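One letter stands for each residue in the lines below.
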Amino acid sequence: MSQIRLRDVFTPGGLPSVTYVRRDHLALEEKITDAVERGYAFTVVTGPTKSGKSVLCRRVLGDRNLVAIEGGQIRSEADFWSHMGYQLNVASAATKGRADTSTTTAAAEGGGGVPGIFQAKGGGSQSEARQTTSSLTYNNVTVIAAISRLLETQSVLMVDDFHYIDKDSQKAIIRALKGAVFKGLPVFLLAVPHRAFDPLIVESEVEGRFKHVPMPQWALDDLLQIPGSGFPALNVQVERSLQRRICEDSFGNPLLVQEICSEFCLKNKVREAQSTPLTLDAKLLEPTYKEMAESKGLPTYSKLRAGPTGRRARQVRRMRYGGEENIFTAVLASVARLGPKSNSSLDDIRTSLREVLAADASIPQRAEIISGLVNMSNVARERIQGDPPLEWIEGDSTLVITDPFLLFYLKWSFRNQ
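Analysis parameters
- Residues numbered from 1 in each chain as written.
- Predicted model: local features only at pLDDT ≥ 70, side-chain atom pairs only at ≥ 80, totals over all residues.
- Heavy atoms only, no water.
- Helix = DSSP H or I, 4+ residues; strand = E, 2+ residues; numbered from the N terminus.
- Buried < 20%, exposed > 50% of the residue type's maximum accessible area, 1.4 Å probe, protein only.
- Axes fitted to C-alpha atoms, helices over the stretch in contact; angles between N-to-C directions.
- Parallel < 35°, antiparallel > 145°, perpendicular 65-115°, else oblique.
- Left-handed = near helix turned anticlockwise from the far one by under 90°.
- Contact = heavy atoms within 4.5 Å.
- Nonpolar A, V, L, I, M, F, W, Y, C, P; charged D, E, K, R; others polar.
- Pairing = 2+ DSSP bridges.
- Phe/Tyr/Trp six-rings, centres within 6.5 Å; stacked < 30°, edge-to-face > 60°.
- Lys NZ or Arg CZ within 6 Å of the ring centre and 35° of its normal.

For the peptide bond that leads from Gly-339 to Pro-340, omega is -5°, which places it in the cis range. With respect to the secondary-structure elements, Pro-340 resides in the loop between helix H14 (327–337) and strand S12 (343–345). One non-glycine residue with positive phi stands out, namely Ala-27, at about 55°. Here Ala-27 is to be found in the loop between helix H1 (6–9) and helix H2 (28–38). Residue Ala-27 is classed as partly exposed on the basis of its relative accessible area of 26%. A positive phi is found at Phe-251, a non-glycine position, where the angle reads about 55°.

This is how it looks when you write it as structure tokens:
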């Protein structure tokens with residue numbers, strides 16, 4: 001028997017087996033199965049970023065002739081059908097053969113008898129049949145050919161990150177698939193919660209063929225099943241309190257739990273199942289966090305701290321931990337000091353700013369702080385691919401951070417500051 005490897009157990013970004021968590025109390029697998037059996041509807045599965053939507057659907061639908069399209073790779077309607085044609089091996093051209101039969105008949109006439117007494121005429125004919133074949137080559141209509149193939153093979157179509165596709169392309173795709181759904185094609189669209197009703201927005205006629213399956217946030221007890229099953233599979237021992245800390249530090253994200261566990265094992269030189277039980281060194285967990293922070297959230301943080309492109313020089317202030325920073329970095333540092341938390345109020349950010357700025361630095365006015373938050377929100381929406389990692393909610397005076405990797409980066413990069 002081959003040795004169990006670390007990558008077989010903890011699978012950040014992959015499809016877990018040993019550490020797959022069903023969350024039976026939410027009946028999520030049952031809801032996906034019921035949607036297939038019910039049919040005749042667009043089923044939209046929603047959940048926070050990297051919360052396991054793809055893992056759930058691939059787990060349940062994987063043995064049903066699943067055809068999966070990545071929304072992040074789609075730039076147009078034509079792009080979508082091109083990807084679909086590739087997945088289904090639909091040729092760009094096809095040839096049809098035709099057999100034609102033709103018959104040629106030859107007639108002959110002759111005379112005989114005694115002239116002047118009796119004379120008669122006679123005739124005959126001969127037929128010859130010829131068969132010819134011809135072929136006609138034509139361009140395939142990818143949309144029609146792909147939909148026909150989906151129906152013929154009784155496939156299930158899944159479009160991951162459907163919200164990444166622009167609205168015009170979404171509308172065209174929904175319209176093209178509407179007839180196939182009417183014929184029974186199961187279609188699953190995966191998206192973030194606030195984009196759950198995109199299919200209805202872009203095409204109101206599918207309202208009667210729409211089903212929504214929301215995925216709730218992960219509870220701590222559910223996250224604990226990942227290290228709880230993964231570490232024993234590798235024959236390593238980790239105290240329950242340390243497993244709990246790993247899950248608490250993941251900001252409710254299963255992918256982050258998988259990665260922390262994987263990196264923590266590597267830090268302890270564990271790359272495969274151990275022949276004898278090994279206790280992992282708890283002192284290596286925090287260094288693991290700090291190394292992870294350099295790759296998790298840093299690109300997003302760098303764009304946010306730079307702010308929008310502008311020619312005017314920005315005011316900088318001295319920080320308590322040294323150096324001078326602009327309003328964007330100062331605000332992010334103050335948010336980091338607050339936890340960081342998924343939701344931070346304006347009043348909390350203002351109070352925290354007093355602690356991260358040098359004692360002799362001027363405290364930004366309320367209007368300047370709000371302007372900085374608005375600008376960061378715009379950068380998050382316009383310059384960062386995918387879901388905006390944060391958003392300033394004007395009506396609630398609250399900064400909402402939805403990206404667990406950005407939260408992780410803020411917590412561990414500012415740890416010593």
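The next subject is the packing of helix H10 (residues 240–248) against helix H11 (residues 254–267). Contact geometry of H10 with H11 gives a least axis separation of 9 Å together with a crossing angle of 130°. Taken together, H10 and H11 sit at an angle that is classed as oblique. Every pair of crossing elements has a handedness; the one defined by H10 and H11 is right-handed. Residue-level inspection shows Leu-242, Ile-246 and Cys-247 of H10 in contact with H11, the latter providing Val-257, Ile-260, Cys-261 and Phe-264. Per-class residue counts for the contact of H10 with H11 are 7 nonpolar, no polar and no charged.

Turning our eyes to something else, we now look at the pairing of strand S14 (residues 398–401). Looking at chain direction, S12 and S14 are connected through 3 bridges and run antiparallel. Within S14, the residue paired with Asn-343 across the bridge is Val-400. Here strand S13 (residues 390–393) runs beside S14; their pairing, made up of 4 bridges, is antiparallel. Bridge pairing in S14 links Ile-393 to Thr-398.

Attention now moves to the sheet that holds S13. Read across the sheet, 3 strands follow the order S12-S14-S13 without closing on themselves; strand pairing throughout is antiparallel. The open sheet is flanked by S12 and S13, the only strands paired with a single partner. Neighbour-to-neighbour, the strand axes of the sheet open up by a mean angle of 20°, direction not taken into account. Running over the sheet, helix H15 (residues 346–356) touches S12, S13 and S14 and is turned about 75° from S12.

Here the focus is the sheet that holds strand S1 (residues 42–46). Here 5 strands make up an open sheet; going across it, the order is S2-S5-S6-S1-S7 and the pairing parallel. Either end of the sheet is taken by a strand with one partner, and the two such strands are strand S2 (66–70) and strand S7 (210–214). Neighbour-to-neighbour, the strand axes of the sheet open up by a mean angle of 20°, direction not taken into account. The sheet contact formed by strand S5 (residues 156–160) and strand S6 (residues 187–191) spans 3 bridges and is parallel. The residue bridging Val-159 from the neighbouring strand is Leu-189, located in S6. This element, helix H3 (residues 53–61), spans S1, S2, S5 and S6 of the sheet and lies at about 160° to S6.

Turning next to the packing of aromatic side chains. Under the defined criterion, the tally for this structure stands at 8 aromatic pairs. An angle of 45° between the planes, with centres 4.5 Å apart, marks the rings of Tyr-289 and Trp-412 as tilted. Taken as a pair, Tyr-289 in helix H12 (residues 285–293) and Trp-412 in helix H17 (residues 404–413) lie far apart in primary sequence, 123 residues in all. Overall, the relative accessible area of 0% leaves Tyr-289 in the buried class. A ring pair is formed by Tyr-301 and Phe-414, whose centres lie 5.9 Å apart and whose planes are at 75°; its orientation type is edge-to-face. Of this pair, Tyr-301 sits in helix H13 (residues 298–306) while Phe-414 sits in the segment after H17; the two residues are 113 residues apart in sequence, bridging distant segments of the chain. Judged on exposure class, the residue Tyr-301 and its partner Phe-414 are both buried. An aromatic cluster of three or more residues is present, and its members are Tyr-289, Phe-408 and Trp-412. One Lys or Arg, Arg-23, reaches over the ring of Trp-218 and ends 4.1 Å from the middle of that ring. A cation sits over an aromatic face here: Lys-296 above Phe-405, 5.0 Å from the ring centre.

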